[in-house]
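Given next are the chains, with one letter for each unit.
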Amino acid sequence: MQYKKINNLLGWLCFAIASISYIMTLEPSVSFWDCGEFISCAYRLQVAHQPGYPVFAMLGKAFSLLSMGNNAKVPFFTNMGSALASGATIMLLFWTITALAKKLLAYKESEDADQSKFYMIMGAGLVGALAFAYTDTFWFSAVETIVFAWSSFCTALVFWAILKWDANADEPGADKWIIFIAYVIGLSIGIHLLNLLTIPALALVYYLRRTQKINLKSSILAILAGIVILVFIQYGIRNYTVVGAAYFDLFFVNTLGFGFGSGAAVFLVLLITVLIAGIYYSIKYKKPMLNLAFLCCTFIYLGYSSFAYIPIRATANTNLDNAHPDNAFTLNSYLNREQYGETPLLYGPYFDAKPIDQTEGANIYRKGNTKYEVAGKKLNTVYDHTTILPRIYSSDGQDPQFYKEWLRIPDGQAPGFGDNLKFMFSWQIYQMYWRYFLWNFAGRYNDADGQASMAGIDGNWTTGIFDGGRHLPKSVIGGDARDPLAGVTYTPLFALPLIIGLFGLIFHFNRRKEDALVVTLLWFFTGIAIVLYVNQPSIQPRERDYSYVGSFYAFSIWIGLGVIAIADLLRRKINAKTAAFTATGICLLAGPVVLAKQEWKDHDRSTKLTPHDMAYDYLISCPPNAILFTYGDNDTYSLWYDQEVEGIRPDVRIVNLSLFSADWNIKQMTRKMNDADALPITMPFDKYKDGIRDVIYFDDRKIPGFTELSEVFDFITSDNPATMVQYQNGDNANYLPTKNFKITINKDEVIKNGVVPDSDRSKLTDTMKFKYNSNYVMKGNLAMFDVLAHNHWKRPICFTVTVGSENLMGLQPYLYREGFVYHLIPFTPDTANRDQMAKTNPIVMYNNVMNKFKWGNFKTAKYLDHESTNMFYPVLLETFLDLTNDLITQKRPDLAVKVLEKCQQVLPDINPFIDVNVRKLYLAEAAYKLNDVVVGNKFTEDIDDYLTDQLDYNYYQLQNNGDDVDTRTVNIGVQLIGALTDFTKGAHQTALYNKLNAQYKDYQTKFANVLSRQQ
């Protein structure tokens, strides 16, 4: 039997099985989060967010060409790139496992006597590789355009390559594999930095193969050497190469008078010269280790040279040009993600620390017209309450409160080092790593966010073994006929992959400790080490399991070796060949088959179009030539995709408020993009460039009444010292003298520009008055003042409905929904309206909702992800609710009924969380007001089924474990059933009323103590 031939064929079989599975479940269009930006940047070779992904962008561009000019198919093919890269990862994992299994069993290819070893090796490869193929986290990234699929491929490639080197290390030229690894590591930096974390494991393999006498001391030194190499590449090559180029450029430009980039070019020439000289010297004087070191550095640099893409494309002024890194200083800031701030690792403050001193550090440089200019200095803050290994350090937003709640620190009590360690182990390591690990190998309840709770169901792991007696709600385990997606994300794996992996781990350490230690290093550095390095402060915008996929890859090696461990146990009772086949069969069923069966429903995105269509609806909601303000990733990236790739509504200018406080972003808004004209920003760049007017503080000068916004803008952008305040250090700075703004309205101008028809002239106000809602003005606010003051209603100004109130600057009385956006319209405010954000421009919105919108297959999709159900489903319900209520107010019941029918037609009856039912409650109320009892009863029964399911589960918890009762759900649930009772009574739905009334009284009795505590 030809070992090599069968090994290769089965590896390719794994590739085929995995790739076909991913392509069958591929998302057909853009996905949420970063995918829209990545596809847009790949398609047009633009500059994505920090720290840059040039190789990923170029790979995406190559796959996008398969669309053959059909731009709507671009995301399908870039997604397919991820699928094929993930399939290749599975193939490499198969070969990695067989290589380790071959060493474990001391198998020789010429061996004919014991073919059972051969069967065990191949069985191990199949089980481990295919098990990992269907794990939750890896599969999620395999079907969308995201860096983690390609990053996993690079991880698999370098680990497989070091095992190839290990197998051939005594042959001439074997070190070519080391050089190949160096090149892949260099390239992988242009995809994601996670690949660097394989280096300590690679160094240990090299040490174990090249060292004659292995002992604990030298093994530890080898691991430390690997860490040093990792640090050298991360900081020495990746970081300080750019820093060196920057300071060479500073000298050549500012001192010698050369042009920008001249010093960087000289630095690169010198660097190349040093590398060539080092290689020449090592060859001439026959120093093989020095030669290998210089060759590896050279090939790392060769791969890393892909980052030349970033300044080249930035200089081209692409539409998407994050940070505009067209020079070495900006590029250094871009690569180091300085925009996101610094995180203390080894020493830093507690969250309650107060600053007691501040010292100036190095200069911060910006690119001027002919020279580099000093934009400011880095500031080093000294705090009064510090610690080593700071974990509870953030004082931002709700972080301190989260620390106190998680650690149960009483108000007024200072945190200590014990709290620091407790948070690290309980939240950072358990909640934000082990929980994810168990999702993949034990099972999970649902895809709800579970970061904030170690107990309960949402976002937690489960084996499913003991769930049968827990009376879990149908919304979790399924069985609710009204909810087509109920139970879809309940994925018990019965801990079978975990058990097999633990068998493999123990067996590996018992039989071959050195190799087991290598895998352990891979697991640790791609898992726990990331937790310690990233040092997440508290609740993240999303679950972060994708960061640790490398460690799940490592554990899957042990799942494969678990086949050999089980076969070893079985052959004590049966012959070796039968044991090999039996173990393989059992593990295939308990691993890949169980995983594929249970996980398929959670990853089949083949019918989901939510991100694409939600972005489409945002754009379609805008009037022609609108300025659309958005906020955050999911508000923006899909919009970018729709515009940049498919060319949908290129006349709309998208402004991401998350980026709008950066000078480079404001400057980009002063030029045309696609068919959208520049924003009406009148400030010259020198008024807001980095270091100038970074923040303007409010200093109340008691100015009576409301001040014209244009006057306020002129005042706070004036360079006249008379308009400034002087601080104790002698610096002068602008200040905001009042928060009460007004914009005088020229009604003819408003009507002429088509903001409203002439028939609405009587609704227009003479003066828009509003109160600014912050104590400071950031650059983005300053630019918005400029736009509002100087637009003169020539361009419609809109905000996405998901923009937070803190970003609306107090304009709420003048914002009217026209679909998925608020349109700024100077109507006389309705001060009696309690909910200013529920106002609509009803006829315009009716036309958008009924005739223009797309609905992302919401009703028919086999699977909807967390963002679809938790972020956009409530927005859709609010859209129908606000429109229905305003049409009722406008005495258009005929149109309101049609809106409710449309809601039933396009939206599924799902209940991602209890608050959704508040919106459904008011939709039911509206239906009863319109005498549409069929729709009203349908909403009512849907709400009631969900609430009784939740309340019955909580009553079971109350009887068995009172601490696990969700008192908020109980309180809201009973209140909603009480409200439904009133509505059905008023609508004369006697049977339904009697049912609800009986339930209401029953639950009031059951939860009397809980409800009284809430009150």
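The coordinates are above.
Residues numbered from 1 in each chain as written. Predicted model: local features only at pLDDT ≥ 70, side-chain atom pairs only at ≥ 80, totals over all residues. Heavy atoms only, no water.

Visitor: Teacher, can you tell me more about the overall build of the protein here?
Guide: Helices and strands together make up the secondary structure of the protein, namely 37 helices and 18 strands. Since a compact globule built from 1015 residues should have a radius of gyration of about 31 Å, the 31 Å found for the protein is in line with a globular shape. Based on the C-alpha atoms only, the size of the protein along its principal axes is roughly 95 × 85 × 65 Å. Out of the 1015 residues in the protein, the part that is buried amounts to 58%. A separation of at least 24 residues holds for 74% of the contacts in the protein among residues at least 6 apart in sequence. (Helix = DSSP H or I, 4+ residues; strand = E, 2+ residues; numbered from the N terminus. Rg over C-alpha atoms; globule rule 2.2 N^0.38 Å. Buried < 20%, exposed > 50% of the residue type's maximum accessible area, 1.4 Å probe, protein only. Contact = heavy atoms within 4.5 Å.)

Visitor: Mind showing me how you'd approach the pairing of strand β7 (residues 627-630) here?
Guide: Walk down a regular strand and you will see the side chains alternate between the two sheet faces. Residues I627 and F629 of β7 are buried on one face, and the alternating residues L628 and T630, pointing to the opposite face, are buried as well. Here four bridges tie β7 to strand β8 (residues 653-656), and the two strands are oriented parallel to one another. Each bridged residue has a counterpart across the sheet, and for I627 the counterpart in β8 is R653. Taken together, the three bridges between β7 and strand β16 (residues 797-800) define a ladder with parallel strand orientation. The residue bridging I627 from the neighbouring strand is I797, located in β16. (Pairing = 2+ DSSP bridges.)

Visitor: Even after reading the chapter, I still don't get the packing of aromatic side chains, so can you show me in this structure?
Guide: What describes a pair of aromatic rings is the distance from one ring centre to the other and the angle between the planes of the rings. What the rule picks out here adds up to 76 aromatic pairs. Ring geometry for F148 versus Y546: centroids 4.6 Å apart, planes at 45°, classification tilted. Residue F148 is located in helix α7 (residues 147-168), and its partner Y546 is located in the loop between α21 (528-534) and α22 (549-570); the two are separated by 398 residues in the primary sequence. Taking relative accessible area as the criterion, F148 reaches 11% and is therefore assigned buried. Given a relative accessible area of 13%, Y546 falls into the buried group. Among the aromatic residues, those joined into a cluster by ring pairs are Y433, W434, Y436, F437, W439, F441, W523, Y548, F552, F555 and W558. (Phe/Tyr/Trp six-rings, centres within 6.5 Å; stacked < 30°, edge-to-face > 60°.)

Visitor: How should the sheet that holds strand β17 (residues 815-817) be read in this particular structure?
Guide: Backbone-to-backbone hydrogen bonds join strands into a sheet, with any given pair of strands oriented parallel or antiparallel. Strands sit in the order β8-β7-β16-β18-β17 across an open sheet of five strands; the sheet is mixed. If you trace the sheet from one side to the other, it starts and ends with β8 and β17, each paired once. Geometrically, the sheet is characterised by an average inter-axis angle of 30° between neighbouring strands, direction not taken into account. (Axes fitted to C-alpha atoms, helices over the stretch in contact; angles between N-to-C directions.)

Visitor: Would you take a moment to explain the packing of helix α24 (residues 610-620) against helix α25 (residues 633-644) for this structure?
Guide: When two helices pack together, their arrangement is given by the angle between the helix axes and the distance between those axes. Axis separation between α24 and α25 bottoms out at 8 Å; the angle between their running directions is 85°. Here α24 is positioned roughly perpendicular relative to α25, judged by the angle of their axes. Here P611, H612, A615, Y616, Y618 and L619 of α24 come into contact with α25, specifically with D635, S638, L639, Y641, D642 and Q643. Looking at the contact of α24 with α25, its residues break down into seven nonpolar, three polar and two charged. (Parallel < 35°, antiparallel > 145°, perpendicular 65-115°, else oblique. Nonpolar A, V, L, I, M, F, W, Y, C, P; charged D, E, K, R; others polar.)

Visitor: When you look at helix α30 (residues 842-852) in this model, what are you seeing that I'm missing?
Guide: The α-helix advances 3.6 residues per turn, and as a result positions three or four apart in sequence lie on the same side. The set of residues buried in α30 consists of P842, M845, Y846, N848, V849 and M850. Its buried side turned inward, α30 meets α24, β17, α31 (866-889) and α32 (893-906).

Visitor: Can you help me understand the packing of helix α5 (residues 115-133) against α22 in this one?
Guide: At their nearest, the axes of α5 and α22 sit 8 Å apart, and the two run at 145° to each other. Crossing handedness for the pair α5 and α22: right-handed. Only V549, F552, Y553, S556, I559, G560, L561, V563, I564 and A567 of α22 make contact with α5, whose side of the interface consists of M120, G123, A124, V127, G128, A131 and F132. Each residue belonging to the contact of α5 with α22 can be placed in one class, and the counts come to 13 nonpolar, four polar and no charged. (Left-handed = near helix turned anticlockwise from the far one by under 90°.)

Visitor: How should the nonpolar core be read in this particular structure?
Guide: Burial of nonpolar side chains together is a common tendency in soluble globular proteins. Of all hydrophobic cores here, the largest spans 281 residues; its most connected members are Y22, F159 and F660. Considering every element that reaches this core, the biggest residue donor is helix α4 (residues 74-104), with 15 residues. Leaving out residues up to four positions away in the same chain, F660 has contacts with F629, V655, N665, I666, M669, L679, I681, K779, G780, A783 and M784. (Core = buried A, V, L, I, M, F, W, Y, C linked by side-chain atoms within 4.5 Å.)

Visitor: What should I look at first to understand the environment of G819 in this one?
Guide: Turning to its location among the elements, G819 is positioned in the loop between β17 and β18 (821-824). Distance in space between the C-alpha atoms of G819 and T840 is 8.3 Å, their sequence separation being 21 residues. Apart from residues no more than four positions distant in its own chain, G819 is found in contact with S621, V801, M845, F853 and T879.

Visitor: Looking at this structure, how should I read the pattern of salt bridges?
Guide: When their charged atoms lie close together, side chains carrying opposite charge are able to pair. Following the criterion strictly, the structure yields 42 salt bridges and no others. Among the salt bridges present, the one from R919 reaches E878, with a minimum N-O distance of 3.1 Å. One end of the pair, R919, is in helix α33 (residues 916-929); the other, E878, is in helix α31, and 41 residues separate them in sequence. Among the residues examined, R919 registers a relative accessible area of 18% and is labelled buried. Within this structure, K103, D166, D170, R209, R512 and D515 form a network of salt bridges that share partners. (Salt bridge = Lys/Arg side-chain N within 4 Å of Asp/Glu carboxyl O.)

Visitor: Honestly, the environment of I681 in this entry has me stumped. Any pointers?
Guide: Examined against the element boundaries, I681 turns out to sit in the loop between α26 (663-668) and β9 (695-698). Spatially, the C-alpha atoms of I681 and N870 are 36 Å apart, while their sequence positions differ by 189 residues. I681 has contacts with F660, I666, M669, T670, A783, D786 and V787, leaving out every residue within four places of it along the chain.

Visitor: I keep staring at the environment of S556 and nothing clicks. Help me out?
Guide: Here S556 lies in helix α22. Between the C-alpha atom of S556 and that of L498, which follows or precedes it by 58 residues, the distance is 9.2 Å.

Visitor: What is the right way to look at the sheet that holds strand β14 (residues 767-771) in this model?
Guide: Taken together, the three strands give an open sheet; going across it, the order is β10-β13-β14, and neighbouring strands pair in mixed fashion. Each edge of the open sheet is held by one strand with a lone partner, namely β10 (707-708) and β14. Here two bridges tie β10 to strand β13 (residues 740-744), and the two strands are oriented parallel to one another. Considered in β13, the bridge of E708 is made with K742.

Visitor: What should I look at first to understand the side chain of T940 in this one?
Guide: When you line up the elements, T940 lands in helix α34 (residues 933-960). Using a relative accessible area of 0% as the deciding quantity, one classes T940 as buried. Sequence-distant contacts of T940, defined by excluding residues within four places in its chain, comprise A924, Y928, L980, T984, L992 and L996.

By themselves, these are just geometric observations and shouldn't be taken as functional.
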